[in-house]
Amino acid sequence: ADWEVVISATQRLLVSSQNPRTLMEVRDRFYDLLSHAIPVDVIFRRLTLELLKNVDQDLAPEICKWAAIYEHRASIGQKSIVHLEAFAAKFMQLFKHYVANQYAMFMD
């Protein structure tokens, strides 16, 4: 389905670049998905699965934890986009920190 392609591309974007411009582009994609009536829980689950397939498994528990937290907040809140964007920002922060630590360990 088209929405699955959008989520897969969003995952690749999140993994490839962690900056404010990327976050804005990801937000636009989330708006697009929501405007096409893709449920927020489906977006969270599919995005999380896609991220888990493409990152080091050391990050998996943290990613799952934050996905669950933001998905729960989205289920009880008013604006799904806020929680999707917050999860994307959290992932970017976790991933960037993880990559920096791996690089530092490699350089030692």
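Refer to the structure presented above.
Residues numbered from 1 in each chain as written. Predicted model: local features only at pLDDT ≥ 70, side-chain atom pairs only at ≥ 80, totals over all residues. Heavy atoms only, no water.

Colleague: For the overall build of the protein chain, give the residues involved together with the corresponding values.
Modeller: Each helix and strand counted, the protein chain has 5 helices and 0 strands in total. Traced from its N-terminal end to its C-terminal end, the protein chain shows the element sequence α-α-α-α-α. In summary, the protein chain has a C-alpha radius of gyration of 14 Å against a globular reference of 13 Å for 108 residues, a match within 12%. Of all 108 residues assigned to the protein chain, the portion counted as buried reaches 40%. Taking contacts inside the protein chain between residues at least 6 apart in sequence as the whole, the part at least 24 apart equals 71%. Charged side chains in the protein chain number 12 positive and 13 negative. The centres of these two groups are separated by 4 Å. (Helix = DSSP H or I, 4+ residues; strand = E, 2+ residues; numbered from the N terminus. Rg over C-alpha atoms; globule rule 2.2 N^0.38 Å. Buried < 20%, exposed > 50% of the residue type's maximum accessible area, 1.4 Å probe, protein only. Contact = heavy atoms within 4.5 Å. Lys, Arg positive; Asp, Glu negative; His and termini not counted. Charge placed at Lys NZ, Arg CZ, Asp CG, Glu CD.)

Colleague: Describe the pattern of salt bridges, naming the residues involved and giving the relevant values.
Modeller: Counted according to the given criterion, the structure contains 8 salt bridges. When the shortest N-O distance is used, the salt bridge between Arg45 and Asp41 registers 3.1 Å. In this pair, Arg45 and Asp41 are both assigned in helix H3 (residues 40-53), 4 residues apart and thus about one turn of the helix distant. Residue Lys65 is joined to Glu62 by a salt bridge in which the shortest nitrogen-to-oxygen separation is 3.7 Å. Here Glu62 and Lys65 lie together in helix H4 (residues 60-76), a separation of 3 residues that amounts to about one turn. Of the residues examined, Lys65 reaches a relative accessible area of 38% and is grouped as partly exposed. Because the salt bridges share partners, they merge into one network encompassing Glu4, Arg46, Glu50 and Lys53. (Salt bridge = Lys/Arg side-chain N within 4 Å of Asp/Glu carboxyl O.)

Colleague: Break down the nonpolar core for me, with residues and values.
Modeller: Counting 31 residues, the largest nonpolar core has Leu14, Phe30 and Phe87 as the members making the most contacts within it. Going through the elements one at a time, helix H1 (2-16), helix H2 (20-35), H3, H4 and helix H5 (80-107) are the ones with two or more residues in this core. Looking at this core element by element, the count peaks at 9 residues for H5. With sequence-adjacent residues up to four places away left out, Phe87 is seen in contact with Phe44, Leu47, Thr48, Leu51, Ile63, Trp66, Ala67 and Tyr70. (Core = buried A, V, L, I, M, F, W, Y, C linked by side-chain atoms within 4.5 Å.)

Colleague: Explain the packing of H2 against H5 to me, and be specific about the residues and the numbers.
Modeller: Relative orientation and spacing of two packed helices are given, respectively, by the angle between their axes and the distance between those axes. Contact pair H2 / H5: the axes reach a minimum separation of 10 Å and the direction vectors enclose 145°. Classified by chirality, the crossing of H5 by H2 is right-handed. The residues of H5 that touch H2, namely those facing Thr22, Leu23, Val26, Arg27, Phe30, Tyr31 and Leu34, are Ser80, Ile81, Leu84, Glu85, Ala88, Ala89 and Met92. Classifying every residue of the contact of H2 with H5 gives 10 nonpolar, 2 polar and 2 charged. (Axes fitted to C-alpha atoms, helices over the stretch in contact; angles between N-to-C directions. Left-handed = near helix turned anticlockwise from the far one by under 90°. Nonpolar A, V, L, I, M, F, W, Y, C, P; charged D, E, K, R; others polar.)

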